[in-house]
Amino acid sequence: MRSEVAQQLSDETRETYDQVAREFSASRATFWSELEFLAEHAIPGMRTLDIGCGNGRFFSLLEKRG
């Protein structure tokens, strides 16, 4: 891919994200209790890497597990 095309795609993606980010985050401001079962897979003391599109709402769940 040409660097000009890559830069254009990156710029367009950033602009789109900036337009929807606030509303997206607000719609996910609180943790969904239906997903609490995920904590069963977090072993106290383990390291966790969360990569994805989100606002960190799972952090509090994992933090409680140590």
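Overview of the structure. Quantities reported herein were computed from a predicted structural model and do not represent experimental measurements.

Analysis parameters
- Residues numbered from 1 in each chain as written.
- Predicted model: local features only at pLDDT ≥ 70, side-chain atom pairs only at ≥ 80, totals over all residues.
- Heavy atoms only, no water.
- Helix = DSSP H or I, 4+ residues; strand = E, 2+ residues; numbered from the N terminus.
- Rg over C-alpha atoms; globule rule 2.2 N^0.38 Å.
- Areas by Shrake-Rupley, 256 points an atom, 1.4 Å probe, with all protein chains shown as cover.
- Lys, Arg positive; Asp, Glu negative; His and termini not counted.
- Charge placed at Lys NZ, Arg CZ, Asp CG, Glu CD.
- 1 Å grid on protein atoms, 1.4 Å probe; cavity = no way out; pocket = protein on both sides within 12 Å on 5 of 7 lines; lining within 4 Å.
- Points joined across faces, edges and corners; volume = space filled by probe spheres on them.
- Nonpolar A, V, L, I, M, F, W, Y, C, P; charged D, E, K, R; others polar.
- Salt bridge = Lys/Arg side-chain N within 4 Å of Asp/Glu carboxyl O.
- Buried < 20%, exposed > 50% of the residue type's maximum accessible area, 1.4 Å probe, protein only.

**What about the overall build of the chain?**
Along the chain, the regular secondary structure elements total two helices and zero strands. For a compact globule of 66 residues, the expected C-alpha radius of gyration is about 11 Å, and the chain comes in at 17 Å, more than 25% above that figure. Principal-axis analysis of the C-alpha atoms places the extent of the chain at approximately 45 × 25 × 15 Å. Roughly 6,000 Å² of accessible area belongs to the chain as shown, and the carbon and sulfur atoms make up 55% of that amount. In the chain, 8 positive and 11 negative side-chain charges are present, and the distance between their average locations comes to 5 Å.

**A short note on the layout of surface pockets**
Space inside the largest pocket adds up to approximately 190 Å³. Lining the largest pocket are Ala42, Ile43, Met46, Thr48, Asp50, Gly56, Phe58, Phe59, Leu62, Glu63, Arg65 and Gly66. Looking at the lining of the largest pocket residue by residue, the classes come out as six nonpolar, three polar and three charged.

**A closer look at the pattern of salt bridges**
Summed over the entire model, instances satisfying the criterion amount to two salt bridges. For Glu4, the salt bridge goes to Arg2, with nearest N and O atoms at 3.2 Å. Each member of the pair Glu4 and Arg2 is classed as exposed.

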